[in-house]
Amino acid sequence: MRYMLLICTDPEAPAVDESAVPDIDEWVEEMDERKIRQLGEMLAPSSDATTVKVRDGRVLLTDGPFAETKEQICGFDIIECADLDEAIDVATKHPMAWGGLIEVRPFWTPATPS
Amino acid sequence: MGRADRGAAVLDAGDALLVAQREWGAIVAALIRATGDWDLAEECAQDAVERAIQRWPVDGVPDRPAAWLTTTARHRAIDVLRRRRVEARKLEEVAAMEHEGDGPAATAPFDDQLCLVFTCCHPALSMEARVALTLRSVAGLTSAEIARAFLVEERTMVQRLFRAKRKIRDAAIPFRVPPADRLAERLDDVLAVLYLVFNEGYRPAAGHDASRVALTSEALRLASLLVELLPEPEAVGLLALMELHDARSAGRVDAAGELVPLDEQDRTRWDRPRIDRAAAMLDAAVARGHPGPYQLQAAIAACHATAAHAADTDWLQIAALYERLASLVPGPVVELNRAVAVSMADGPDAGLRIVDALATTGELAGYHLLPATRADLLRRAGRRTEAATAYRQAIALAANQADRRFLERRLAALDPG
């Protein structure tokens, strides 16, 4: 079962004791070793983004991210897990869950016939 | 209930329905285990219940109703899946369950039901979704019944249930009892759902009723089931807490359906034997050591419930219990309740100091019990004009009509000079 972890900043997160926060290199190493992490990258800041829309055949470009929220996506990881509990566990161990926030989004699968 | 004599029905369709409905959660759980399809599980459970209503008045209630119903539901599932031309392997899995279920492993249906409870109460689902799904899948209430109980439109509830089940499937929420290292916190999630259902029945937040019996009785039934399947002390604590509240419910409202404050209730209308049983159950749980928040709240309720008269209430003990509770689950509502206990032990001024400190934090803004409590303490301190102002603030915030009427009576009784 695949999930995307959308790694986000959260400017309103309270300050944390840095020594308690997990280490990113250790997270990457553990998740690579457990064959959980398939792919992951840091992204450039959202101010470097360009948002693209085509409307009435016209290309509309916006300088910046699609959502003007306080929280912004700063990276992603694609993980392979047995179920949501495992995916949540993986996200919990990522340092950005402590200083930012992480959205755990399952990959779309065709709906079972009903 | 036993086998009918030839030609003589032992029970009618209504009785059959009651017996069958009790097993709803067990049937649904077994079918989810077998098929992984929540909607199919409900459809087949419904079908099995309908067949029971037809067959049991004629054949009598089977010795093991849950097994009869589950087998019937499974057969239906096989038919449906066959018609959907689902892969052979899935059909085999479902058929294989039949042989497992016939054996002496009567505990198997229990385990599945426990899995169902934990899945319905998964923290990845919103509280609203957890409540709705638990009442639908475990308790067997219809969406219409749940919608009415929570004062929302039926289509809202249908949509809520649809989304919850879709999330369980799409996000792969596992159908299981959590592993030991997660059990305590996940049990808290379950207890929170059951307590919310109970409270919504016992003290409805809005609407006209002083209480909603259907919700309290469902919460009690689910809590009993949980204790049967998983006799953890906190689960016992929650059940004891609910029992202690419910055992006193006859004294809580007068003949006109209006709320009566605790110190004015006719305690002869309380169910003493039920209170004593709950208190004994609680003692056994507490004796296991390190009582958690639900056991502490139950102990507070037991202090009230076991006092023969209001004047006999051990307020010092209650205040001490609230302090312990605050150390485990600090929060403004616990602090507010502690203020009341302190005021009874040490006088209204002592209580007012705590309430005023709470008011300045703003954490309870919009919560009608803050000004209501303040009003009561001011009244007892003889500060009637200020009490009147506080009662008016509380009335403005109270969403439940029975609560409003009670506060209006308190205001009228002040008659400030």
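A. View of the overall build of chain B. A count of helical and extended segments in chain B gives 20 helices and 0 strands. Relative to its full complement of 417 residues, chain B shows a buried share of 51%. Sequence separation of 24 or more characterises 65% of the internal contacts of chain B that already satisfy a separation of 6 or more. For chain B, the accessible surface area stands at approximately 19,700 Å², while carbon and sulfur atoms represent 52% of it.

B. A look at the overall build of chain A. Along the backbone of chain A there are 3 helices and 6 strands. For chain A, the α and β elements follow one another from N to C terminus as β-α-β-β-β-β-α-α-β. Burial status across chain A gives 28% buried among its 114 residues. Taking the intrachain contacts of chain A between residues at least 6 apart in sequence as the baseline, contacts between residues at least 24 apart amount to 76%. Only carbon and sulfur atoms are counted for the fraction: they give 55% of the accessible area of chain A, which is about 7,600 Å². Averaging the locations of the 10 positively and 24 negatively charged side chains of chain A gives two centres separated by 10 Å.

C. Main features of the state of the cysteines. Throughout the structure, instances matching the rule amount to 0 disulfides over all chains. Cys8 of chain A supplies the cysteine sulfur nearest to Cys74 of chain A, a cysteine that is in no disulfide, at a spacing of 6.6 Å. For the unlinked cysteine Cys115 of chain B, the closest cysteine sulfur is that of Cys120 of chain B, found at 11 Å.

D. Summary view of a negative patch on the surface. All names here are of chain A. Together, Asp23, Asp25, Glu26, Glu29 and Glu33 make up a region of like negative charge exposed at the surface. Positionally, Asp23 belongs in the loop between strand 1 (2-9) and helix 1 (24-33). Given the relative accessible area of 36%, Asp23 is considered partly exposed.

E. Here's a closer look at the interface of chain A and chain B. Facing 12 residues of chain A, the contacting portion of chain B comprises 13 residues. Applying the counting criterion to the chain A and chain B interface returns 3 salt bridges. For Asp89 of chain A, the salt bridge identified is with Arg182 of chain B, shortest N-O distance 2.4 Å. Where chain A touches chain B, the interface holds 5 residue pairs in polar contact (both at pLDDT 80 or more).

F. Quick peek at the environment of Leu194 of chain B. Relative to the assigned elements, Leu194 of chain B resides in helix 10 (residues 180-202). For the pair Leu194 of chain B and Glu128 of chain B, spaced 66 residues apart in sequence, the C-alpha separation works out to 12 Å.

G. Fine view of the sheet that holds strand 1 of chain A. Residues and elements named next belong to chain A. Pairing is antiparallel across the open sheet formed by 4 strands, whose spatial order is 2-5-1-6. Whereas interior strands pair on both sides, the edge strands pair on one side only; in this sheet they are strand 2 (37-42) and strand 6 (100-106). If you compare each strand with its neighbour and ignore which way they point, the axes differ by 20° on average. Alignment of strand 1 against strand 5 (residues 72-80), held across 8 bridges, turns out to be antiparallel. In the sheet register, Cys8 faces strand 5, and the bridge partner there is Ile73. Strand contacts of helix 1: strand 1, strand 2 and strand 5, with the helix running at about 155° to strand 2, the strand carrying the most contacts.

H. Local environment of the pairing of strand 4 (residues 58-63) of chain A. Residue and element names in this part refer to chain A. Counting buried positions along strand 4 gives 0 out of 6 residues, so the element sits mostly on the surface. For strand 3 (residues 50-55) and strand 4, the ladder comprises 6 bridges, and the chain directions are antiparallel. Residue pairing across strands places Thr50 opposite Asp63, the latter belonging to strand 4. Turn length for the strand 3-strand 4 hairpin, with the two strands adjacent in sequence and antiparallel, is 2 residues, and the turn residue Asp56 shows positive phi of about 50°.

I. Highlighting the packing of helix 1 (residues 13-22) of chain B against helix 3 (residues 38-59) of chain B. All names here are of chain B. It is the contact of helix 1 with helix 3, at a shortest axis distance of 8 Å, that shows an interaxial angle of 135°. If you check the angle between helix 1 and helix 3, you find them oblique. For the pair helix 1 and helix 3, the crossing hand works out as right-handed. On helix 3, the residues that touch Ala13, Ala16, Leu17, Val19, Ala20 and Gln21 of helix 1 are Val49, Ala52, Ile53, Trp56 and Pro57. Its residues placed into classes, the contact of helix 1 with helix 3 shows 10 nonpolar, 1 polar and no charged.

J. How the structure looks around helix 2 (residues 24-35) of chain B. Residues and elements named next belong to chain B. Its 12 residues place the ends of helix 2 16 Å apart at the C-alpha level, agreeing with the 16 Å of an ideal helix rising 1.5 Å per residue. Counting buried positions over the 12 residues of helix 2 gives 11, a clear majority of the element. Every buried residue of helix 2 is accounted for by Trp24, Gly25, Ala26, Ile27, Val28, Ala29, Ala30, Leu31, Ile32, Ala34 and Thr35. Phi turns positive, to about 70°, at Gly36, one or two residues after helix 2.

K. Fine view of the pattern of salt bridges. Evaluation of the coordinates by the stated rule reveals 32 salt bridges over all chains. The salt bridge involving Arg37 of chain A is made with Asp32 of chain A; its shortest N-O contact spans 3.1 Å. Here Asp32 of chain A falls in the partly exposed class, since its relative accessible area comes to 36%. The partner of Arg33 of chain B in a salt bridge is Asp112 of chain B, with the nearest N and O atoms 2.9 Å apart.

L. Structural detail: the nonpolar core. Residues and elements named next belong to chain B. Trp56, Leu116 and Leu135 are the most contacted members of the largest nonpolar core, which has 151 residues in total. Per-element accounting of this core gives the leading share, 10 residues, to helix 10. With sequence-adjacent residues up to four places away left out, Leu135 is seen in contact with Gly140, Leu141, Ile146, Phe150, Val197, Leu215, Glu218 and Leu222.

Rules of the game
- Residues numbered from 1 in each chain as written.
- Chains lettered and ligands numbered in written order.
- Predicted model: local features only at pLDDT ≥ 70, side-chain atom pairs only at ≥ 80, totals over all residues.
- Heavy atoms only, no water.
- Helix = DSSP H or I, 4+ residues; strand = E, 2+ residues; numbered from the N terminus.
- Buried < 20%, exposed > 50% of the residue type's maximum accessible area, 1.4 Å probe, protein only.
- Contact = heavy atoms within 4.5 Å.
- Areas by Shrake-Rupley, 256 points an atom, 1.4 Å probe, with all protein chains shown as cover.
- Lys, Arg positive; Asp, Glu negative; His and termini not counted.
- Charge placed at Lys NZ, Arg CZ, Asp CG, Glu CD.
- Disulfide = S-S within 2.5 Å.
- Patch = residues over 30% accessible without salt bridge, like charges linked within 9 Å, V, L, I, M, F, W, Y side chains within 5 Å.
- Salt bridge = Lys/Arg side-chain N within 4 Å of Asp/Glu carboxyl O.
- Polar contact = N/O pair within 3.5 Å; in protein donor to acceptor, adjacent residues only side chain to side chain.
- Pairing = 2+ DSSP bridges.
- Axes fitted to C-alpha atoms, helices over the stretch in contact; angles between N-to-C directions.
- Parallel < 35°, antiparallel > 145°, perpendicular 65-115°, else oblique.
- Left-handed = near helix turned anticlockwise from the far one by under 90°.
- Nonpolar A, V, L, I, M, F, W, Y, C, P; charged D, E, K, R; others polar.
- Expected span 1.5 Å × (residues − 1).
- Core = buried A, V, L, I, M, F, W, Y, C linked by side-chain atoms within 4.5 Å.

Keep in mind that these numbers describe shape and distance, not what the molecule does.
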